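# Architecture and fold: a report
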Amino acid sequence: MEIERKFLVAAPPSGYEAFPFHQIEQAYLCTGPVVRIRREDQSYYLTYKSSGALSREEYNLPLTSEAYAHLRKKADGNILEKKRYLLPLPGRPDLTIEMDVFEGVFSGLILAEVEFKSEEDALSFTPPEWFGRDVTWSGEYQNSRLSIADPASLLPR
């Protein structure tokens, strides 16, 4: 079960580039239900996600690079490219901020996500000031929606 909150970031914290990150490329084979493929550094996955905003089921299956390349040709819409920075959350050593800095067609878009062990913890979470607007429940910035969205309609102005 994935339980996460997502925020639109207008101005990331200074020095974030010094933190560890993963280079991610992901594409969607289906958006209802969500079936995606992802390359994260040198690992490859096929993921199924159920519907939902705050909580949803998620299953990951490993892929080979050849299987990923084959499925990538079958993907619909935008292929998402991003660097996912792993930032510590001050005062909460049990939580990590995953800040996605998008490249490619969504260059300029930055989203921060925090995953939780329970819905209660997620709902009581107070985000840092720099997080910006909470987009958890709107769904407009879910990656599956980005894959079929017009980039110009969602990029910061």
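Just above sits the structure.
Residues numbered from 1 in each chain as written. Predicted model: local features only at pLDDT ≥ 70, side-chain atom pairs only at ≥ 80, totals over all residues. Heavy atoms only, no water.

## A closer look at the sheet that holds strand 9 (residues 110-115)
The nine strands are arranged 5-1-9-8-7-2-3-4-6 in an open sheet whose pairing can be described as antiparallel. Of all the strands in the sheet, just strand 5 (55-56) and strand 6 (58-63) have a single pairing partner and so form its edges. Taken together, the five bridges between strand 8 (residues 96-103) and strand 9 define a ladder with antiparallel strand orientation. Following the sheet pairing, I97 is matched in strand 9 by V114. On the sheet, helix 1 (residues 65-72) packs against strand 2 (21-31), strand 3 (34-40), strand 4 (43-49), strand 6 and strand 7 (76-88) and is oriented at approximately 130° with respect to strand 3. (Pairing = 2+ DSSP bridges. Helix = DSSP H or I, 4+ residues; strand = E, 2+ residues; numbered from the N terminus. Contact = heavy atoms within 4.5 Å. Axes fitted to C-alpha atoms, helices over the stretch in contact; angles between N-to-C directions.)

## Digging into the packing of aromatic side chains
In this structure the tally under the stated criterion is ten aromatic pairs. Ring centres of F102 and F106 lie 6.4 Å apart, and the angle between their planes is 70°; on these two criteria the pair is classed as edge-to-face. Comparing F102 with F106, the two get one shared label, buried. Summarising the aromatic geometry, the rings of F125 and F131 are spaced 6.3 Å apart at their centres and angled 50° between planes, so their arrangement reads as tilted. With respect to class, F125 is no different from F131; both count as buried. Every member of this aromatic cluster is reached through a ring pair, and the members are F7, F116, F125, W130 and F131. (Phe/Tyr/Trp six-rings, centres within 6.5 Å; stacked < 30°, edge-to-face > 60°. Buried < 20%, exposed > 50% of the residue type's maximum accessible area, 1.4 Å probe, protein only.)

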